[in-house]
Amino acid sequence: MPAVSVVIPAYNEERHIKKCIESLLTQNFNDIEIIVVDNGSRDHTAQLVEELAKEHPGRVRLIRLDRNLGPGGGRNLGALHANGEILVFVDADMTFPQDYIGKMIEPIRRGEALMTTHLTEYVANTGNPWVKVQGQTVRGRWGRVEKVFRAVKKEFFIRHGGFDPRLHYHDDRTFFYKTGAKAVVVEDAYCYHNNPDTAKEIFRRNYWIGRTYLAIEYHEHGVKGLLRALTITLVRLIDIVALPSIAVWAVLQPVVPILNALLPAPAIVFVASTVRMKIVKVENLRERIVLRTVYAPLYRIIRAAGLLTGILTSLIFGLRVTRRGSIQGS
């Protein structure tokens, strides 16, 4: 039996899944199995994994579902089918240096930790214009322990019931809600992770963030967190109404002073916020102009539309925080 089972939930990841698996197959620590849980993908994700499973029998396995259980549900199912004593959960759009698995599991194998996570994620696709206007080249964890983990002892994970998939984008926090256990940060471990690089992916990611955003903020930070979430929601709402409000102002040309001041205000805030956005990896002046005048404002609008749609959906269907500290759908 392998010592480590790497579990990868995947939904429509045909662009990334092969690179992800191949980077895991070349690890220095190679006593691993790779389990891909295909969450009802509508593209060629499952076929690509099947081909790799034939090339690497016993090392790559596919669990193919006809419906989407979400990332948390996919991870839980993969864990139940895993043979390794240690589980490593990764995303399908990640790739890894050859020493990644070895570094992540070492504190667990030495008995120094039940769970670990990496310190740094480098953004892999900074050549894409949508990614450039997101302003990130690296994402880091700043504490010695974290609520979110990547590697965990299988027995501990199964005993406590895994993740709560009802939290969608935030379901990786739910194991901490159940146990209070935090992951040790392995400071020299890192990986490469793709940011959303199409309009559809930007909307989809922010939609799923929005589905549980208010509940997570309230659960973790109380009223202060809820006020912060409402502030972000207001900023995103300004991004949405900025262009319509300036159009209304231009057409109506109101004579009432207060309307004359209020209608263009969202557009002024939107333009100021867009100008302040950090843009990375710009190669020339022409690209900078295109990114600043086209991609940056469109990114703000699409991001806002996704988040607000998710928040509205959550308010319609509801989330409640129980006294036991878990979050459940109502």
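Details of the structure are given in the entry above.
Note that the coordinates shown come from a computational prediction; the quantities given were computed from them, not determined experimentally.

(A) Main features of the overall build of the chain. Looking only at helices and strands, the chain has 11 helices and 12 strands in total. The C-alpha radius of gyration computed for the chain amounts to 22 Å, which stays within 12% of the reference 20 Å derived for 330 residues, consistent with globular compactness. Across its three principal axes, the chain shows a C-alpha extent of roughly 80 × 50 × 40 Å. Each of the 330 residues in the chain was classed as buried or not, and the buried ones make up 48%. Expressed as a percentage of contacts within the chain between residues at least 6 apart in sequence, the contacts between residues at least 24 apart total 75%. When the accessible area of the chain is evaluated, it comes to approximately 16,700 Å², of which 57% is carbon and sulfur surface.

(B) Representation of the packing of aromatic side chains. Counting across every chain of the model gives 17 aromatic pairs. Between W130 and Y295, the aromatic rings sit 5.0 Å apart at their centres with planes inclined by 85°, giving edge-to-face as the arrangement. One end of the pair, W130, is in helix α5 (residues 129–132); the other, Y295, is in helix α11 (residues 285–317), and 165 residues separate them in sequence. Joined through ring pairs, the aromatic side chains of F89, F149, F156, F157, F163 and F175 make up one cluster.

(C) Spatial organisation of the packing of helix α8 (residues 199–252) against helix α10 (residues 265–276). The contact between α8 and α10 brings their axes to 7 Å, and the two run at 125°. By the angle between their axes, α8 is oblique relative to α10. Relative to α10, the crossing made by α8 is left-handed. Taken together, the residues of α10 that come into contact with α8 (itself represented by I238, D239, V241, A242, S245 and I246) are P266, A267, V269 and F270. Here the contact of α8 with α10 is built from residues that sort into 8 nonpolar, 1 polar and 1 charged.

(D) Region of interest: the nonpolar core. Judged by nonpolar contacts, the single largest core of 32 residues is most densely connected at I8, I21 and I101. At the level of secondary structure, the elements contributing two or more residues to this core comprise β1 (4–10), α1 (17–25), β2 (32–39), α2 (45–55), β4 (86–89), α4 (100–109) and β10 (183–193). Discounting chain neighbours no more than four positions away, the residues touching I8 are I17, C20, I21, L24, I34, I35, V36, V37, V90, D91 and A92. The next biggest cluster of nonpolar side chains, apart from the first, holds 19 residues, and it includes V7, L65, L87 and F149.

(E) Representation of the packing of α8 against α11 within the structure. Between α8 and α11, the least distance of the axes is 5 Å, while the angle of their chain directions is 50°. One finds that α8 runs oblique with respect to α11. Grouping the constituent residues of the contact of α8 with α11 by class yields 21 nonpolar, 8 polar and 5 charged.

(F) Examining the environment of D172 more closely. Topologically, D172 is positioned in the loop between α6 (154–159) and α7 (174–179). Spatially, the C-alpha atom of D172 lies 13 Å from that of G161, the residues being 11 residues apart in sequence. Every residue in contact with D172, bar those within four places of it in the chain, is listed here: K147, V148 and F163.

(G) Quick look at the pattern of salt bridges. A complete count under the given rule lists 20 salt bridges for this structure. Of the charged contacts in the structure, one is a salt bridge between E287 and K132, with a shortest N-O distance of 2.4 Å. Separated by 155 residues along the polypeptide, E287 in helix α11 and K132 in helix α5 bring together distant segments of the chain. Each member of the pair, E287 as well as K132, is classed as buried. Note that D164 is salt-bridged to R166, the shortest N-O span being 3.0 Å. You can call D164 buried: its relative accessible area is 9%. What makes R166 partly exposed here is its relative accessible area of 40%.

(H) Representation of α10. An ideal rise of 1.5 Å per residue puts 16 Å on 12 residues; α10 measures up with 17 Å between its terminal C-alpha atoms. If you check which residues of α10 are buried, you get P266, A267, F270 and T274. Within α10, the buried residues cover an arc of 95° as seen down the axis, which keeps them to one side. Projecting away from the buried face of α10 at angles above 90 degrees are the exposed residues I268, V275 and R276. For α10, the secondary structure elements touched by its buried residues are α8, α9 (257–262) and α11.

(I) Examining the environment of Y192 more closely. In this structure, Y192 sits in strand β10. Remark: the alpha-carbon pair of Y192 and T120, spanning 72 residues in sequence, is separated by 8.6 Å. What Y192 contacts, discounting residues up to four positions off in sequence, is D93, M94, T95, P97, Y122 and A124.

Rules and cut-offs
- Along each chain, the written sequence defines residue order, and numbers are assigned to residues from 1.
- Given that this is a predicted model, residues contribute local features only at a pLDDT of at least 70 and side-chain atom pairs are listed and counted only at 80 or more, while totals for whole chains, interfaces and linings are drawn from all residues.
- No hydrogens and no water enter the side-chain calculation; it runs on all heavy atoms of the structure.
- Under the scheme used here, helices are H or I runs from DSSP no shorter than 4 residues and strands are E runs no shorter than 2 residues, and both carry numbers assigned from the N terminus.
- The globule rule is 2.2 Å times the number of residues to the power 0.38, and the radius of gyration it is compared with is taken over C-alpha atoms.
- Only protein chains enter the calculation, and the probe is 1.4 Å; a residue is then buried if its accessible area is under 20% of its type maximum, exposed if over 50%, and partly exposed in between.
- We call two residues in contact when some of their heavy atoms are within 4.5 Å.
- Each accessible area is a Shrake-Rupley estimate made with a 1.4 Å probe; only the visible protein chains count as cover when residues are assessed.
- Under the pairing criterion, centres of Phe, Tyr and Trp rings, with the six-membered ring standing for Trp, must be within 6.5 Å; the plane angle then separates stacked pairs below 30 degrees from edge-to-face pairs above 60, leaving the rest tilted.
- Only the contacting stretch of a helix is used when fitting its axis, a line to C-alpha atoms as for every element, and angles between N-to-C directions run 0 to 180 degrees.
- Oblique is the label for any angle not under 35 degrees, not over 145, and not in the 65 to 115 range, which are roughly parallel, roughly antiparallel and roughly perpendicular in turn.
- Crossing handedness follows the turn of the near helix against the far one: under a right angle anticlockwise gives a left-handed crossing, and clockwise gives a right-handed one.
- Each residue gets one label: Ala, Val, Leu, Ile, Met, Phe, Trp, Tyr, Cys and Pro are nonpolar, Asp, Glu, Lys and Arg are charged, and the others, such as Gly, are polar.
- What is meant by a nonpolar core is a set of buried Ala, Val, Leu, Ile, Met, Phe, Trp, Tyr and Cys residues, joined one to another through side-chain atoms within 4.5 Å.
- What makes a salt bridge here is a side-chain nitrogen of Lys or Arg within 4 Å of a carboxyl oxygen of Asp or Glu, nothing more.
- Expected span of a helix, by definition, is 1.5 Å for each gap between consecutive residues, and there is one gap fewer than residues.
- Picture the helix axis, draw a direction to every C-beta atom, and the arc is the one those directions span.

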